[in-house]
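# Residue-level structural notes
For reference, the chains in residue letters:
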Amino acid sequence: MASKAIKRRPYSSETDKSSEKQMETTISHPVTEPLLGNDPREDKSKRYEPATWSDFWDGTRQECLRWAHLLSIFIAQPARKIVNAISEFGSLIARLFGYSSASQSSQNGQTAPLNLSPLQVERLRLLRQRLDVPYDCSSVKHQDALKELWRLAYPNRQLPPLKSDLWKEMGWQNSDPSTDFRAGGFMSLENLIYFARNYPDSFHRLLHKAEGKRAEWEYPFAAGGVNISYMLVQMLALQSGKMSTKAAVHFVQLLEDDEAAFDNLFCVAFQVLDSQWLARRASYMEFNEVLKSTRVQLEKELNTGCISSVQDLPSFRMLKR
């Protein structure tokens, strides 16, 4: 999202051959002449018969070959079983980690199609479907969602009209919050509501800027959330229809056990952004730089290879403080 998505607003007071040796057995040609004498009148029984010696070697050779054949069969059958077992074990490991041999990155940085489960495919489809819903200020459902966000943010305050300067206190840039959704769409509002419902302590700390020494010009909370939603959509390549990044490949595996993986990742991303904001002592004009560094950290954590849920991310623990 372009940096224009967030306008300047003063700080509010609310706070990852071997080659085989082949042994060549050379068998000399059978002897064709008798070793003693060549008199044709000699008693056949007293002569060395080459045919007899040849037959002996031929018989021995055939017997050796037969035993060698039997031995090769004896060795080959267990070997095939071992190879098959290793292959099946490798396939099992691949399924456990959500990979197949086709999921390796190619030279141009793209990834081949994954072997997704029907559940992953369906949840990915529903997530992409959410991306296509813009915020509609004339929709009663969307209006009610915005009102719900206010109630979650300020449970003890009266709900203002849908167009009021009071919305700026939440971090909307204008008195009409509907003008701030832009590319984030209705899903970014759903992300904020999910954050408030499931991690209320973290939500209110960030909303009220309760931690750390803050800049005079702070990032607006609600508009910042819209930017985070859009950043995640780009990071995970959800609009492209292809898992074209490693982070996207790892993320889609999380959908198997967590239907709300994207919403949970949004909450983690928001907390990471605020933490980096304080660490850098950033101010309003540096928001986009902090957003980029937040993306880099999330990609690194997703790509560690041992993440089976959003809750496994190292940054997730910040939400549970």
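Residues numbered from 1 in each chain as written. Predicted model: local features only at pLDDT ≥ 70, side-chain atom pairs only at ≥ 80, totals over all residues. Heavy atoms only, no water.

### Thoughts on the packing of helix H6 (residues 221-235) against helix H9 (residues 287-302)
Direction vectors running N to C along H6 and H9 enclose 45°, while the axes themselves pass 11 Å from each other. Looking at the two axes, H6 sits oblique to H9. For the pair H6 and H9, the crossing hand works out as right-handed. Across the interface between the two elements, Gly224, Asn227, Ile228, Met231, Leu232, Gln234 and Met235 of H6 pack against Phe287, Leu291, Thr294, Arg295, Leu298, Glu299 and Leu302 of H9. Looking at the contact of H6 with H9 residue by residue, the class counts come to eight nonpolar, four polar and two charged. (Axes fitted to C-alpha atoms, helices over the stretch in contact; angles between N-to-C directions. Helix = DSSP H or I, 4+ residues; strand = E, 2+ residues; numbered from the N terminus. Parallel < 35°, antiparallel > 145°, perpendicular 65-115°, else oblique. Left-handed = near helix turned anticlockwise from the far one by under 90°. Contact = heavy atoms within 4.5 Å. Nonpolar A, V, L, I, M, F, W, Y, C, P; charged D, E, K, R; others polar.)

### Remarks on the pattern of salt bridges
The tally for this structure, following the rule as stated, stands at 14 salt bridges. For Arg205, the salt bridge is made with Glu211, and the minimal N-O distance between the two is 3.4 Å. Relative accessible area serves as the criterion here: at 15%, Arg205 is assigned to the buried category. Taking the relative accessible area as the measure of exposure, Glu211 reaches 23% and is therefore partly exposed. In the salt-bridge network here, residues are joined through shared partners; they are Lys209, Arg214, Glu218 and Asp274. (Salt bridge = Lys/Arg side-chain N within 4 Å of Asp/Glu carboxyl O. Buried < 20%, exposed > 50% of the residue type's maximum accessible area, 1.4 Å probe, protein only.)

### So, helix H7 (residues 246-254)
One turn of the α-helix equals 3.6 residues, which is why residues spaced by three or four share an orientation. For H7, a buried count of eight out of nine residues is recorded, marking the element as mostly surrounded by other parts of the structure. Restricting attention to buried positions, one finds in H7 the residues Ala247, Ala248, Val249, His250, Phe251, Val252, Gln253 and Leu254. The inward-facing, buried residues of H7 abut helix H2 (118-131), H6, helix H8 (261-280) and H9.

### Here we look at the packing of H6 against H8
Where H6 contacts H8, the two axes come as close as 10 Å, and the packing angle between them is 120°. On the basis of their axis angle, the class for H6 and H8 is oblique. The hand of the H6/H8 crossing is right-handed. For the pair formed by H6 and H8, the contact residues are Phe221, Gly224, Gly225, Ile228, Ser229, Leu232, Val233 and Met235 on the first element and Phe262, Leu265, Phe266, Ala269, Phe270 and Leu273 on the second. A class-by-class count of the residues in the contact of H6 with H8 yields eleven nonpolar, three polar and no charged.

### What about empty space enclosed by the protein?
One number sums up the size of the second largest cavity: a volume of about 60 Å³. For the second largest cavity, the full set of lining residues is Leu131, Ala183, Gly184, Met187, Ser229, Tyr230, Val233 and Gln239. A per-element tally of the lining of the second largest cavity places H6 first, with three residues. Partitioning the lining of the second largest cavity into residue classes produces five nonpolar, three polar and no charged. (1 Å grid on protein atoms, 1.4 Å probe; cavity = no way out; pocket = protein on both sides within 12 Å on 5 of 7 lines; lining within 4 Å. Points joined across faces, edges and corners; volume = space filled by probe spheres on them.)

### Side note on the confidence of the model for the protein chain
Residues with a pLDDT of 70 or more make up 64% of the protein chain, whose mean pLDDT is 76. Averaged over each element, pLDDT in the protein chain is lowest for helix H1 (residues 50-96) (49) and highest for helix H3 (residues 140-153) (98). Scored below 50 in pLDDT, residues 1-58 shows 71 contacts in the model against residues more than four places distant or in partner chains. Counted against residues more than four places away or in other chains, residues 87-113, with its pLDDT under 50, gives 25 contacts. (pLDDT = per-residue confidence, 0-100.)

### Remarks on the packing of aromatic side chains
Per the stated rule, a full pass over the model turns up 15 aromatic pairs. Aromatic pair Tyr135 and Phe181: ring centres 4.4 Å apart, planes at 20°, arrangement stacked. Here Phe181 lies in the loop between H3 and helix H4 (185-198) and Tyr135 lies in the loop between H2 and H3, a separation of 46 residues in the sequence. The pair Tyr135 / Phe181 is uniform in exposure class, with both members buried. Aromatic pair Tyr199 and Phe316: ring centres 6.0 Å apart, planes at 80°, arrangement edge-to-face. Linking Tyr199 in the loop between H4 and helix H5 (200-207) with Phe316 in the segment after H9, this pair joins segments that are 117 residues apart in sequence. The class of Phe316 is buried, set by a relative accessible area of 10%. By the ring-pair criterion, three or more aromatic residues cluster together here, those being Phe195, Phe203, Phe221, Phe266 and Phe270. Sitting above the plane of the Tyr219 ring, Lys209 keeps its charged end 3.2 Å from the centroid. (Phe/Tyr/Trp six-rings, centres within 6.5 Å; stacked < 30°, edge-to-face > 60°. Lys NZ or Arg CZ within 6 Å of the ring centre and 35° of its normal.)

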